[in-house]
Amino acid sequence: MSLVVENVWKEYGDQVVLERLNFEVPTGEFCAVVGPSGCGKTTFLRMLLAMEQPTRGKILLDGKPLPDEPGPDRGIVFQRYSVFPHLTVLENVLLGLEFERSPFLGRFFGAERRRAIGEARACIASVGLEHAFDKYPAELSGGMQQRLAIAQTLARKPKVLLLDEPFGALDPGTKAQMHDLLLKLWQEEGMTVFMITHDLSEGFELATRVLSFDKVRRDPQAPNAYGATVVYDLPLDEKAYRKPIVERWRRAILERQAGLVH
Ligand SMILES: Nc1ncnc2c1ncn2[C@@H]1O[C@H](COP(=O)(O)OP(=O)(O)OP(=O)(O)O)[C@@H](O)[C@H]1O
């Protein structure tokens with residue numbers, strides 16, 4: 001799904017969190033969202049999910065106004081996703097499918113249930129948890145629980161995948177495996193991805209574009225008066241050939257985050 005963000009602002013009372021967001025994202029783009037803590041990255045993802053509404057401006061999905069409520073076309077994975085502890089791996093993923101397709105009845109029966117179990121098993125296998133269908137979350141490592149969280153979101157085949165620091169808590173080995181998995185699924189499904197990360201290398205490595213959020217105006221007397229906006233919007237499609245430029249941008253973002261540039 002393509003996305004158009006048109007003069008979007010988000011304010012909480014007199015605190016301006018985000019201001020003047022203007023950009024377009026074509027279908028299938030992989031955007032890394034970076035920026036200092038508290039600058040509004042999660043708030044931006046929450047607006048894409050429709051868990052929050054912009055206070056000004058509009059967001060268009062495939063040319064149409066974003067629906068008022070979260071829907072199956074947009075799925076989110078948090079840094080520490082609370083998978084349901086009393087359900088097995090299979091039941092956790094199945095519940096996501098049931099909720100998406102029959103939110104009022106809540107359960108599948110007969111042939112529909114068998115078909116859903118097949119889909120859930122395939123999705124669990126794609127994140128490498130096929131040996132753990134019947135395990136409970138407490139019996140899984142942190143990395144395996146995060147794979148389960150990703151499977152639960154991906155089973156619903158979202159067209160827009162939102163990732164809020166999904167790998168922040170993982171060890172380097174598991175993180176590398178998850179990167180491979182995410183790239184594979186992104187390429188196979190053609191999803192549009194927004195991934196918040198505090199790890200710039202991760203962003204530059206995985207994404208086709210980096211959106212760097214920060215404040216351009218600051219008033220020490222009124223710290224809430226100005227919000228963050230997109231200060232750098234970097235296409236990385238030719239990154240293999242332009243390493244020195246990417247490196248220069250990387251340094252610029254880090255310096256800005258360290259407060260060396262205002
Ligand atoms: N529901 C809310 N009500 C009031 N203020 C809020 C609400 N949600 C977020 N904020 C404020 O908006 C600002 C941005 O928060 P947000 O979580 O989006 O930042 P972030 O960039 O994701 O931070 P981090 O990198 O630390 O996760 C913060 O000052 C936060 O206190």
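These numbers were taken from a predicted model, which means no experiment stands behind them.

The rules behind these values
Residues numbered from 1 in each chain as written. Predicted model: local features only at pLDDT ≥ 70, side-chain atom pairs only at ≥ 80, totals over all residues. Helix = DSSP H or I, 4+ residues; strand = E, 2+ residues; numbered from the N terminus. Rg over C-alpha atoms; globule rule 2.2 N^0.38 Å. Buried ≥ 20, exposed ≤ 12 C-beta atoms within 10 Å, placed from the backbone. Contact = placed C-beta atoms within 7 Å. Domains from an automatic or database assignment. Nonpolar A, V, L, I, M, F, W, Y, C, P; charged D, E, K, R; others polar. Near = placed C-beta within 6 Å. Core = buried A, V, L, I, M, F, W, Y, C linked by C-beta atoms within 7 Å.

(A) How the structure looks around the overall build of the protein. Along the backbone of the protein there are seven helices and 10 strands. Scaling as 2.2 N^0.38, a compact globule of 262 residues should have a C-alpha radius of gyration of about 18 Å, and the protein matches this with 19 Å. Dimensions of the protein, computed from the C-alpha atoms along their principal axes, are close to 60 × 40 × 30 Å. In the protein, which comprises 262 residues, the proportion classed as buried is 34%. For the protein, contacts bridging at least 24 residues in sequence account for 70% of all contacts bridging at least 6.

(B) A look at the domain arrangement of the protein. Splitting the protein by domain gives domain 1 (1-73 + 159-261) and domain 2 (82-157). Put simply, the middle of domain 1 and the middle of domain 2, counted by C-alpha atoms, are 28 Å apart. Between domain 1 and domain 2, the residue contacts involve nine residues of the former and nine residues of the latter. Its residues assigned to classes, the side of domain 1 that touches domain 2 comprises seven nonpolar, one polar and one charged.

(C) Spotlight on helix α1 (residues 41-49). Turning to α1, its buried residues number three or more, namely K41, T42, F44, L45, M47 and L48. Looking one or two residues beyond α1, the residue adopting positive phi is A50, at roughly 70°.

(D) Spotlight on the site of the ligand. Lining the immediate environment of the ligand, one finds Y12, V17, G35, S37, G38, C39, G40, K41, T42 and T43. Among the elements that take part in the shell around the ligand, α1 stands out by supplying three residues, more than any other.

(E) Examining the nonpolar core more closely. C31, V33, V93, A151, F194, M195 and A207 are the most contacted members of the largest nonpolar core, which has 60 residues in total. Among the domains, domain 1 (1-73 + 159-261) and domain 2 (82-157) are the pair contributing at least three residues each to this core. Non-local contacts of A207, meaning those with residues more than four positions away in its chain, are made with F30, C31, A32, M195 and L236.

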